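Here's the letter readout for the chains.
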Amino acid sequence: MTEETFDWGSFLTRWSEEWADTCTEPADEPADEAARARGLGFGPAAEERIAAAEERLGRRLPPSYREFLAVSDGWRHAGGFIDHLAGAGEARWHEDADGLGEHFDEGELDGMWARALQLDVESDMTYVLLDPQAADEHGEWAVYCHQVWSHSPPTRHDSFREFMLAQYREFHRLAADHHAERPFANNTTRRLDAQVEAARLDALRGDHERAAAALADAAGYGRPRAKGMLHQLRRLLGRTYLVDYGSLPADPRYLREVVPLLAVEQVANRHDATVWGYRVGISSGRHRELADEVLREVEERTFRYTAEGPFGAAVEQAREQARWGRTDAAWHTLLAALPQWTPVGPDHLAPVGLLADPVLGPLVTPERALALLATPRDGRPAPPPTGGPRDADELAWLADHREAYRFVLVEGVHPADLPARLGAEDAALGAPATPDETHLALVRAGGGSSYNSYNSFVSYNSYDTYDDRARAAVGHAGESGWSFAFDAHPARHDEQRYVSPAAASSHGTRAVVVWSAPDQGFFHLSVAEQGTELYAFTVRGSEIHRTGTDIPPALDPDVLFAPGGEGRAERRALAAIAVHFGVGLPRFALTEGRLHHVTTRSWTSPPGPGETYARISLGGSGGR
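Quick summary incoming for the structure in this document. (Residues numbered from 1 in each chain as written. Predicted model: local features only at pLDDT ≥ 70, side-chain atom pairs only at ≥ 80, totals over all residues. Heavy atoms only, no water.)

### Looking at the overall build of the protein
Next up, step 1: Within the protein, the secondary structure is distributed over 21 helices and 21 strands.
Next up, step 2: A burial count over the protein gives 51% of its 624 residues as buried.
Next up, step 3: Within the protein, contacts between residues separated by at least 24 positions form 64% of all contacts whose residues are at least 6 apart in sequence.
Next up, step 4: In the structure as shown, the protein presents an accessible area of about 28900 Å², 50% of it carried by carbon and sulfur atoms. (Helix = DSSP H or I, 4+ residues; strand = E, 2+ residues; numbered from the N terminus. Buried < 20%, exposed > 50% of the residue type's maximum accessible area, 1.4 Å probe, protein only. Contact = heavy atoms within 4.5 Å. Areas by Shrake-Rupley, 256 points an atom, 1.4 Å probe, with all protein chains shown as cover.)

### With respect to the sheet that holds strand E1 (residues 75-76)
Next up, step 1: Strand order across the open sheet formed by 3 strands is E1-E2-E5, with antiparallel pairing between neighbours. Unpaired on one side and paired on the other, E1 and strand E5 (120-123) mark the two borders of the sheet.
Next up, step 2: Here 2 bridges tie E1 to strand E2 (residues 82-85), and the two strands are oriented antiparallel to one another. Residue pairing for E2: arginine 76 is matched across the bridge by histidine 84. (Pairing = 2+ DSSP bridges.)

### Description of the sheet that holds strand E9 (residues 405-411)
Next up, step 1: Strand order in the open sheet made by the 9 strands is E10-E20-E14-E15-E9-E16-E17-E18-E19, with antiparallel pairing throughout. A strand with exactly one partner marks an edge of an open sheet, and here the two such strands are strand E10 (430-433) and strand E19 (543-548). For this sheet the average axis-to-axis angle between neighbouring strands, irrespective of direction, equals 20°.
Next up, step 2: Taken together, the 8 bridges between strand E16 (residues 510-517) and strand E17 (residues 522-529) define a ladder with antiparallel strand orientation. Among the inter-strand pairings, valine 514 is bridged to a residue of E17, identified as leucine 525. (Axes fitted to C-alpha atoms, helices over the stretch in contact; angles between N-to-C directions.)

### Overview of the packing of aromatic side chains
Next up, step 1: For the structure on display, the rule yields 30 aromatic pairs.
Next up, step 2: A ring pair is formed by tryptophan 15 and tryptophan 75, whose centres lie 5.3 Å apart and whose planes are at 50°; its orientation type is tilted. Placement of the pair is tryptophan 15 in helix H1 (residues 8-21) and tryptophan 75 in strand E1, with a sequence separation of 60 residues. The two residues tryptophan 15 and tryptophan 75 agree in class, both being buried.
Next up, step 3: Aromatic pair tryptophan 113 and tyrosine 127: ring centres 6.4 Å apart, planes at 85°, arrangement edge-to-face. Linking tryptophan 113 in helix H5 (residues 112-115) with tyrosine 127 in strand E6 (residues 126-135), this pair joins segments that are 14 residues apart in sequence. No difference in accessibility class separates tryptophan 113 from tyrosine 127, as the two residues are buried.
Next up, step 4: The ring of phenylalanine 42 has arginine 76 sitting right over it, with the charged end atom 4.3 Å from the ring centre. (Phe/Tyr/Trp six-rings, centres within 6.5 Å; stacked < 30°, edge-to-face > 60°. Lys NZ or Arg CZ within 6 Å of the ring centre and 35° of its normal.)

### A word on the packing of helix H7 (residues 187-205) against helix H8 (residues 208-220)
Next up, step 1: It is at 8 Å that the axes of H7 and H8 come closest, and there the two elements cross at 155°. Classified by the angle their axes make, H7 and H8 are roughly antiparallel. Seen from above, H7 lies across H8 with left-handed handedness. Counted together, Leu192, Gln195, Val196, Ala199, Asp202 and Ala203 of H7 and Arg210, Ala211, Ala214, Leu215, Asp217 and Ala218 of H8 form the full contact between these two elements.
Next up, step 2: For the contact of H7 with H8, the per-class residue count stands at 8 nonpolar, 1 polar and 3 charged. (Parallel < 35°, antiparallel > 145°, perpendicular 65-115°, else oblique. Left-handed = near helix turned anticlockwise from the far one by under 90°. Nonpolar A, V, L, I, M, F, W, Y, C, P; charged D, E, K, R; others polar.)

### A look at the side chain of histidine 348
Next up, step 1: By the secondary structure assignment, histidine 348 is in the loop between helix H14 (327-337) and helix H15 (366-374).
Next up, step 2: On the basis of relative accessibility, which here comes to 1%, the residue histidine 348 falls in the buried class.
Next up, step 3: Among the polar contacts made by the side chain of histidine 348, one reaches the main-chain amide nitrogen of valine 344 at a distance of 3.0 Å.
Next up, step 4: Leaving out residues up to four positions away in the same chain, histidine 348 has contacts with Leu204, Gln232, Tyr254, Glu257, Trp341 and Pro343. (Polar contact = N/O pair within 3.5 Å; in protein donor to acceptor, adjacent residues only side chain to side chain.)

### Things to note about the nonpolar core
Next up, step 1: In this structure, Trp15, Tyr65, Leu85, Leu119, Phe160 and Met164 are the most contacted members of the largest nonpolar core, which totals 98 residues.
Next up, step 2: The element that contributes the greatest number of residues to this core is helix H6 (residues 160-178), accounting for 7 residues.
Next up, step 3: If near-sequence neighbours (up to four positions away) are discounted, tyrosine 65 is found in contact with Ala86, Gly87, Ala88, Ala91, Leu119, Leu130 and Phe160.
Next up, step 4: Listed in part, the 36 residues of the second largest apolar core include Trp397, Leu398, Val527 and Phe561. (Core = buried A, V, L, I, M, F, W, Y, C linked by side-chain atoms within 4.5 Å.)

### Notes on the pairing of strand E7 (residues 141-147)
Next up, step 1: In terms of residue burial, E7 counts as a mostly covered element, since 7 of its 7 residues are buried.
Next up, step 2: Bridge analysis of E6 against E7 gives 7 bridges, and the strand direction is antiparallel. Within E7, the residue paired with threonine 126 across the bridge is glutamine 147.
Next up, step 3: Hairpin connection of E6 to E7: 5 residues between the antiparallel strands, including glycine 139 at a positive phi of 85°.
Next up, step 4: Two strands pair when backbone bridges link them, and E7 and strand E8 (residues 155-157) are joined in this way by 3 bridges, in the antiparallel orientation. Bridging from a neighbouring strand, valine 143 pairs with histidine 157 of E8.

### Section: the pairing of E16
Next up, step 1: Among the 8 residues in E16, 7 count as buried, and that is most of the element.
Next up, step 2: Relative to E16, E9 is paired through 6 bridges, and the arrangement is antiparallel. When the bridges of E16 are listed, phenylalanine 407 appears paired with valine 514.
Next up, step 3: The antiparallel hairpin formed by E16 and E17 contains 4 residues in its connecting segment, where glycine 521 sits at a positive phi of about 65°.

### Some points on helix H12 (residues 286-300)
Next up, step 1: The first and last C-alpha atoms of H12 sit 21 Å apart over 15 residues, in line with the 21 Å expected at 1.5 Å per residue.
Next up, step 2: Of the positions making up H12, those classed as buried are His287, Arg288, Ala291, Val294, Leu295, Glu297 and Val298.
Next up, step 3: Structurally, H12 contributes buried residues whose contacts are with helix H10 (259-269) and helix H11 (273-280).
Next up, step 4: Looking one or two residues beyond H12, the residue adopting positive phi is arginine 301, at roughly 60°. (Expected span 1.5 Å × (residues − 1).)

### Remarks on a negative patch on the surface
Next up, step 1: A contiguous patch of negative charge on the surface is contributed by Glu102, Asp105, Glu106 and Asp110.
Next up, step 2: Relative to the helices and strands, glutamate 106 resides in the loop between strand E3 (92-93) and H5.
Next up, step 3: Look at glutamate 106 and you get exposed, because its relative accessible area is 67%. (Patch = residues over 30% accessible without salt bridge, like charges linked within 9 Å, V, L, I, M, F, W, Y side chains within 5 Å. Salt bridge = Lys/Arg side-chain N within 4 Å of Asp/Glu carboxyl O. Lys, Arg positive; Asp, Glu negative; His and termini not counted. Charge placed at Lys NZ, Arg CZ, Asp CG, Glu CD.)

### What to know about unusual backbone geometry
Next up, step 1: In this structure, glutamate 95 takes a positive phi of about 55° despite not being glycine.
Next up, step 2: Structurally, glutamate 95 can be placed in the loop between E3 and H5.
Next up, step 3: By relative accessible area, glutamate 95 is classed as exposed at 60%.
Next up, step 4: Located in the positive-phi region is histidine 151, a residue other than glycine, with phi close to 55°.

So this is what it looks like as structure tokens:
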């Protein structure tokens, strides 16, 4: 309905009757009177009475308030906190009677308290103020509703009609909460519940925007199913503030779907146990124990999302792909299987638990979340997703960041076998982690951390100042059978002590090492086969140093780093290496995903005879 066609009579009658149906024990005399009359309103105000009020106030009243008065000259129980709303003879200028203007005076609130028309007559510390200065092209005045006990700025409504609709929704929300034992049911709730069910089907068909709008409308009225479904859609779209899944966290069926999402927020915001108990809606019992276990898994990043049926099998396949760097392939696997996903309960709209999985969660970018929500999940056959995996991002993207990096490529070796070739003594693969988590782990590990003499983080209980071990992410380097170990935080290159790991990594195969430090004008390539370095070159500024047999023409540093092309030389070199060896590094996996890591052997040689070094031990709570 528009402002011009809004039927105040039908609206107020419906509100009165629905309110009267909730009254079993009236609490006070005004409530007794309203309950006996089965109405919250009063008789209509004659035009003369409205005109007299306008003459007294010196202003013509806004249209929707005038139309309201012509049907009911005032109102009782406007929501949960306004006992009596002014009729024509009770409206008065507020004139900042309580001095609130000094607390809320910014922007459109500046001067509002002094000029506003006050409509609350009796309330629970709630002001209802019409602002004549905030008028629209139809002559409607904005309404500001301020609840003193909320300690929040006033809530703005565009017109008196919008304010009354908001109070009607508040009445419904409170009635739904207060009448759990005796269901609050009427034509409005039945219409809204049917709307919620239709929205559920829309969401499963992939029409998530229509579903979200319908669920938001129903949630505004407090319909019990709407909130849990609405916030699943919102969470997939990246909205984490004030997420509330209603009663779903307390339902065992949704334990591995919505509870992990609450756990992610719990850990991120460092809330205490009281907040956790409130969010999951249960304080004790076996379900609380299971919820606490989910929280522990999320804290330790060991939570594994699972699902039933063919989609569950796709989840396991995707996790295996993602943890080795094939994140695009992993997403394609999930999306292709999504039409075969089945909900765990009647209010389950999508596999939202994926977001809490430490390996699979990073795959769900905003764009991919939209694709997920747009994919039908209602059991009907769906066309396969367009496009396909594209994890082979070549190498040239590394030049975009202008930061130092180094990596090793090994041919014909699975990433899980790289520790045996590159790793320090007894090295093992670390759990999948993001670059930031890995960097933070270096700081926290071993009771403390430090920089070595070459400004590289180390994470051992003790280390030698010549030592330059890397904490490198590992994965597949494209589809040609190569694997990589990538270090995003390398030490400063030590020309005198540097030992390329290419030869030690190449037994029975080939290995390639690249090290770049753009801020130093430094680039290094070394290639080895069967345990022997074949060739290498190092560029420092304008100087190029070569070793080994003939370098292939495609990798000739005199061409790649020709004078005048310094700004593009690194990119040319990386592109040439990618083409020559048929390799690539997965950009998304290395910058946003979670990959296994290995601690490599030192990239520098130990001291020679007569040379000295220091051994630094870390202990206690981070002391040195």
